[in-house]
Amino acid sequence: MIQVRHLRVEGAAQPLGLHTAQPRITWQYLGEDELPSVQVDVMRDGQPVWSSGPLEPGTVRVAAALTPRSRDRFVARVSTGGTILAETTFEYGLLTPEDWHATWIASDRIGGARSGAPAPRLTRTFRVDGDPQRARLYVTAAGLFEVTLNGKPVSGDALMPGWTDYATRIRYATYDVTDLLKSGDNELVAHLGDGWFVGHIGWRHRQNYGDRPALLAQLEYATDRGTDRVVTDGTWDVTDSHIVFNDLLMGEHHDLRRTAGTSKPQPVTLVSPNVGEVVPFATPRVQVTEVLRPTEIRRINAWPKPLYVLDFGQNLVGRMTAKLSGRAGDVIRFRFAEILDEKKNVYTANLRSAQQTDYVTLSGGSDIFAPKFTFHGFRYVEVQGLDHEPQPEDFAAEVLHSAFDRAGEFECSHPLLTQLWKNISWGWRGNAVDVPTDCPQRDERLGWTGDAQVFIRTALTLSDSATFFEKYVQDLADAQTVRGSIPPVAPDVEVLGDADGGPAWAEAFVICPWTVYHTTGDDALLRRHRDAYHRFYDYLAETAHDDIRMDARHRGFRGFGDWLSINADTPHDVIGTAFYARTAWLLAEIESILGDEARAQAYRDAFVRIRSAFQRRFVTADGLVASGTQTAYVLALHFDLLEDRHRPVAVQALVDDIARRGYKLSTGFVGSPYLNHVLTEGGRLDIAYRLLFQREWPSWLYAVTQGATTIWERWDGWTHDKGFQDVGMNSFNHYAYGAIGDWMMQRLAGIDLAAPGFRRVRLAPVLPTRADAEDRIEWVRATQPTPFGNITSAWRLSPASGADGSAGETWEWNVTLPPGTEAVVDIPWLRGDVPTTLPAGSHTLRGQVVRPD
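Residues numbered from 1 in each chain as written. Predicted model: local features only at pLDDT ≥ 70, side-chain atom pairs only at ≥ 80, totals over all residues. Heavy atoms only, no water.

A.B. asks: How should the sheet that holds strand β4 (residues 47-51) be read in this particular structure?
C.D. replies: Two pairing modes exist for strands in a sheet, parallel and antiparallel, and in both the strands are linked by backbone hydrogen bonds. Within the open sheet, the four strands sit side by side as β4-β3-β6-β7. Their pairing is antiparallel. Each having just a single partner strand, β4 and β7 (83-91) make up the two edges of the open sheet. Sheet twist, expressed as the average angle between the axes of neighbouring strands with direction ignored, equals 30°. Note that strand β6 (residues 73-80) and β7 share eight bridges and pair antiparallel. Note on β7: the bridge partner recorded for arginine 77 is glutamate 87. (Pairing = 2+ DSSP bridges. Helix = DSSP H or I, 4+ residues; strand = E, 2+ residues; numbered from the N terminus. Axes fitted to C-alpha atoms, helices over the stretch in contact; angles between N-to-C directions.)

Dropping the structure here:
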């Protein structure tokens, strides 16, 4: 009997607080039986309110058309032939402003542009008559909140409600607190942090959105005696908490001598923060997903007390908790760093103005330091102020990121490539704290569009993060200007003072939703912002000159170029025109999918016109591309901007440049994601492998050989001959260059999609290189997530002898395709009974390797 698992509504299991009247219901099949016709039913109060009717075998997604009421609870059920395969529940939240009866409240304590105020502790006591039967807490904050009910946390979420363009929209969370509510006296307590709303953002000062954190909360409950609610209003009290300072970039300071009753409660202040529409939180929340202990503690003799450096063995993003003891009033300092300097001290110069430092003042007893409203990027922590030798069990690094399911896995016989994949994964987790950021440690941590668009395909392989990117595309839409331009970061805080992010950055607004559709098969995101995509293209057309984007006539910012390339500056107009053409091509595909063929044809015509302009301006009669950089050739080839007769010429020119550089790449953020794809498609897998296995910088493996556990921002973040790169721009946890993970999954593991959503899969592993023993790949094991379930790939290459005594190689591949999928097999280098197609199920392919002469 086929099974159904992973039943989700709007991407979440048993979500609370939905708003959409057409929630997407998705599931996966498990098993190898033939798929049945299924039916999805939605019930309210035990009564059917919507039914899909019989669905085609293999269906994994429907949208229910409902007329929800505020706080409605539904059951979604998948069945076949009357047999229930799976069911889940979902609830609606506060659908209209009239459903909110709460008022924004805050403390009257206000910090300044560079100084903070103590985190307020807001309290409301109330009495419940009767036995609680149902209770929901609807809560948000202009800032950050952590709420307890009768001393117990209402959730394991962190840094809520995350970061949005607060003036446009702010998200609220819904929590089931039925088990925390009790008959009789109750206490609801909220600690508020500055977060993005009040604290430092990037290299700017504080108070970018507001001058203090504020709370909006509504507790609704039912008992055997009726219903009631508790809302934020003037009846709440406020005191200063033990958190005397908090900031996402600077750190958190606790004075543990303070207790809840240290200061006299004062009435709260009613406020009106500058926030827009209050909407539900519809993406994975930031949570602690893993806890690490120090792998080493090193003592450094210093006066008046020694320093200790904790090594957690992994560059991570999160916060550190500690068990502490000492005299009352003693101050312990924790400084966080990603790397050590040549003297084995923590290296903090690259943090710029971000302090990344926590302080705790001891109470005199057994203390627990547990920060709430900050996070750091670190592997090492320098501890100052202890009067005893610390033990590993006294410290815990809590790994924080948006808690999407981690799905994509890769390992192989080559230890450096396996470590590279781990570094890519850790880099993504560390830079997915509600917003896809560039780095998690220095005074930046912004949602850079260019980084997101180059990495999104790898991100969707590593994790079930489609709804995470739906939220980010909404951030981009909120940041779009009246003219249609897209700024370089979202949420936008005008860090550069320019509303156009420039080529390869602004195009994230089209590339990200297209990639979500391509990997999930869900066109909802394409439809949601359809008009905004057109406005963006119109802006590109308006600011181009003779179909050349960013040429010398352009007034204003011309873009970041091929960011951090190595001695190979690709002209801005080459990059700009290439991405202008790509945008036209993508919009043609999008409009065709959405059913507007006339508009699709208009964009196809535009692509042809821009392509011709690119060729006239940048391509010689011999097929050479202007500037001759690796990135110029990569974009021209990958975006199909060359005539077919010129493609071999361009591939050879690309290879020649790589060879002249000692078989090293020179590409930056723009060209690197496509480089190995272009070489592979151009028949130069040998060069792609040489680049992959290159150990000298610039290369993907150089940082790995230096002990890196995440992806570096620069190819040469640190080198033996030069030491550290420019402290002004030298993160050791960026994910952009980790986009090679997409090629590793598609080509080394051999799993690629042949139709949106992986309904049809292309199984096309590349021939393992015949290299020196240290660069030989003998086996690969990988898992690729799809809407239907996981595809697994495991192959092994073994030496063999023929009947005539000749040496050879055999190859065995075990592949599992989830129900609802099928595969096209493309392995021209394998001799044997190799099928051309495979149905869902488990398969083993074997054969003799045929290598070219």
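A.B. asks: Before we go on, may I ask you to explain the sheet that holds strand β14 (residues 184-193) in this structure?
C.D. replies: With antiparallel pairing, six strands are arranged side by side in an open sheet as β12-β11-β14-β9-β17-β20. Looking along the sheet, the strands with just one partner apiece sit at the ends: β12 (152-153) and β20 (266-267). The pairing of strand β11 (residues 144-149) with β12 spans two bridges and is antiparallel. Within β12, the residue paired with leucine 149 across the bridge is lysine 152.

A.B. asks: Would you mind showing me how to read the pattern of salt bridges here?
C.D. replies: If the charged atoms of two oppositely charged side chains come close together, the side chains can form a pair. Inspection of the entire model under this criterion finds 67 salt bridges. As a salt-bridge pair, lysine 372 and glutamate 146 come within 2.4 Å of each other at their nearest N and O atoms. Pair noted here: lysine 372 is in the loop between β30 (367-369) and β31 (376-384) and glutamate 146 is in strand β11, with a separation of 226 residues, a long-range link. Accessibility expressed as a relative area gives 25% for glutamate 146, which makes it partly exposed. Residues aspartate 478 and arginine 169 are paired through a salt bridge, measuring 2.7 Å at the closest nitrogen-oxygen approach. Taken together, the residues span a long stretch of sequence, with aspartate 478 in helix α4 (residues 466-479) and arginine 169 in strand β13 (residues 169-176) at a distance of 309 residues. (Salt bridge = Lys/Arg side-chain N within 4 Å of Asp/Glu carboxyl O. Buried < 20%, exposed > 50% of the residue type's maximum accessible area, 1.4 Å probe, protein only.)

A.B. asks: What am I meant to see in helix α8 (residues 572-594) here?
C.D. replies: Given 3.6 residues per turn, any residue in an α-helix points the same way as the ones three and four places further on. Compared with the 33 Å implied by 1.5 Å per residue over 23 residues, the 32 Å span of α8 between its first and last C-alpha is a close match. With its phi angle positive at about 95°, glycine 595 sits one or two positions after the end of α8. (Expected span 1.5 Å × (residues − 1).)

A.B. asks: What is the right way to look at unusual backbone geometry in this model?
C.D. replies: One can expect most non-glycine residues to show negative phi and most peptide bonds to be in trans. Omega for the peptide link from methionine 160 to proline 161 comes to 10°, which places this bond in the cis form. Here the phi dihedral of histidine 6 falls at roughly 55°; this positive angle occurs in a residue that is not glycine. Relative to the assigned elements, histidine 6 resides in strand β1 (residues 3-9). Of the residues examined, histidine 6 reaches a relative accessible area of 24% and is grouped as partly exposed. Positive phi, normally seen in glycine, also occurs at arginine 352, with a value near 55°. Mapped onto the fold, arginine 352 is located in the loop between β28 (346-347) and β29 (357-361). Taking the relative accessible area as the measure of exposure, arginine 352 reaches 29% and is therefore partly exposed.

A.B. asks: Is there a simple way to think about the packing of helix α3 (residues 449-462) against helix α5 (residues 508-520) in this case?
C.D. replies: Between two packed helices, the angle of one axis relative to the other and the distance separating the axes together describe the packing. α5 packs onto α3 with a crossing angle of 5° between their chain directions and a minimal axis gap of 9 Å. The angle between α3 and α5 falls in the class roughly parallel. The residues of α5 that touch α3, namely those facing Thr449, Ala452, Gln453, Ile456, Arg457 and Leu460, are Ala508, Ile511, Cys512, Thr515, Val516 and Thr519. Grouping the constituent residues of the contact of α3 with α5 by class yields seven nonpolar, four polar and one charged. (Parallel < 35°, antiparallel > 145°, perpendicular 65-115°, else oblique. Contact = heavy atoms within 4.5 Å. Nonpolar A, V, L, I, M, F, W, Y, C, P; charged D, E, K, R; others polar.)

A.B. asks: What is the right way to look at the environment of glycine 46 in this model?
C.D. replies: By secondary structure assignment, the location of glycine 46 is in the loop between β3 (39-44) and β4. Among the residues examined, glycine 46 registers a relative accessible area of 57% and is labelled exposed. The spacing of glycine 46 and phenylalanine 74 is 28 residues in sequence and 8.5 Å in space, taken between C-alpha atoms.

A.B. asks: What is the right way to look at the pairing of strand β25 (residues 307-324) in this model?
C.D. replies: The side chains of a regular strand alternate, first on one face of the sheet and then on the other. With 16 of 18 residues buried, β25 lies mostly within the body of the structure. Pairing of strand β24 (residues 296-300) with β25, which is carried by five bridges, proceeds in the antiparallel orientation. Bridge pairing links isoleucine 300 to leucine 307 in β25. Sheet topology places β25 next to β31; eight bridges connect them, and they run antiparallel. Bridge pairing links valine 309 to glutamate 382 in β31. Bridge count for β25 against strand β32 (residues 395-402) is five bridges, and the pairing is antiparallel. Each bridged residue has a counterpart across the sheet, and for alanine 322 the counterpart in β32 is phenylalanine 395.

A.B. asks: What is the right way to read the packing of aromatic side chains from this model?
C.D. replies: Centre distance and the angle of the planes are the two values used to describe a pair of aromatic rings. Taken as a whole and judged by the stated rule, the model has 47 aromatic pairs. With a centroid separation of 5.6 Å and 85° between ring planes, the pair formed by tryptophan 448 and phenylalanine 560 is classed as edge-to-face. Here tryptophan 448 is found in the loop between β35 (435-436) and α3, whereas its partner phenylalanine 560 is found in the loop between α7 (530-543) and α8, with 112 residues between them in sequence. The class of tryptophan 448 is buried, set by a relative accessible area of 7%. A relative accessible area of 18% places phenylalanine 560 in the buried class. Ring centres 4.9 Å apart and planes at 70° place the aromatic pair phenylalanine 557 and phenylalanine 560 in the edge-to-face group. One aromatic cluster is present, built from ring pairs that chain together Phe404, Trp428, Phe455, Phe468, Phe469 and Tyr735. A cation over an aromatic ring shows up here: arginine 445 above the ring of phenylalanine 375, its NZ or CZ 4.9 Å from the ring centre. (Phe/Tyr/Trp six-rings, centres within 6.5 Å; stacked < 30°, edge-to-face > 60°. Lys NZ or Arg CZ within 6 Å of the ring centre and 35° of its normal.)

A.B. asks: I keep staring at the nonpolar core and nothing clicks. Help me out?
C.D. replies: Soluble globular proteins: nonpolar side chains tend toward being buried together. Ranked by size, the top nonpolar core spans 183 residues in total, and within it Leu420, Trp428 and Leu748 carry the most contacts. With twelve residues, the top contributor of residues to this core is α8. Sequence-distant contacts of tryptophan 428, defined by excluding residues within four places in its chain, comprise Phe404, Pro436, Phe455, Ala459, Leu462, Ser463, Ser465, Phe468, Phe469 and Tyr735. Ala135, Leu180, Ala217 and Val268 belong to the second largest nonpolar core, which has 30 residues in total. (Core = buried A, V, L, I, M, F, W, Y, C linked by side-chain atoms within 4.5 Å.)

A.B. asks: Explain the side chain of arginine 333 to me, please; I cannot follow it from the model alone.
C.D. replies: Tracing the chain through its elements places arginine 333 in strand β26 (residues 331-337). A relative accessible area of 18% places arginine 333 in the buried class. For arginine 333, the side chain forms a polar contact with the side chain of glutamate 382, separated by 2.8 Å. Apart from the residues within four sequence positions on either side, arginine 333 is in contact with Thr357, Asp358, Tyr359, Glu382, Val383 and Gln384. (Polar contact = N/O pair within 3.5 Å; in protein donor to acceptor, adjacent residues only side chain to side chain.)

All we've got here are geometric facts, nothing functional implied.
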